[in-house]
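Structural overview for review
Here is what each chain is made of, one letter per residue.
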Amino acid sequence: MTTAQLYQLYCQSYGDFYREHGGVLLGQRRPLSGVEAVVMEFAAEDAANGTPLRSPAAFDCCIEAGLDALTPLGLHRGAA
């Protein structure tokens, strides 16, 4: 997945946190890659602790900081 696709997932997951009971996602529509699961957990953590939804630039900074860990999980650098 690209950073742009992961940002879309981050935004959706952040919003889903408020719609689901206790921030728990009730079910997945398809199997997730490792990087998708990490981004969803990151979004839920942000939402749970009151961190405002990150901008695309702020999210990209987080991706850059975790690049070494995210690349083996399926991150593909580039525009979507």
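Our subject is the structure listed above.
Described in the following lines is the structure provided in the data block. (Residues numbered from 1 in each chain as written. Predicted model: local features only at pLDDT ≥ 70, side-chain atom pairs only at ≥ 80, totals over all residues. Heavy atoms only, no water.)

Some words on the overall build of the protein
As a reminder, the rule being used: In DSSP terms, a helix is any run of H or I states spanning at least four residues, a strand is any run of E spanning at least two, and both are numbered starting from the N terminus. The buried label goes to any residue with under 20% of its type's maximum accessible area, the exposed label to any with over 50%, and the partly exposed label to all in between, with areas taken from a 1.4 Å probe on protein chains only. Should any heavy atoms of two residues lie within 4.5 Å, those residues are counted as being in contact. Each accessible area is a Shrake-Rupley estimate made with a 1.4 Å probe; only the visible protein chains count as cover when residues are assessed.
When helices and strands are tallied, the protein shows four helices and zero strands. When its helices and strands are written in sequence order, the protein yields α-α-α-α. The burial tally for the protein puts 30% of its 80 residues in the buried class. Summarising the internal contacts of the protein: among those between residues at least 6 apart in sequence, 73% fall at separations of at least 24. In the structure as shown, the protein presents an accessible area of about 4,900 Å², 59% of it carried by carbon and sulfur atoms.

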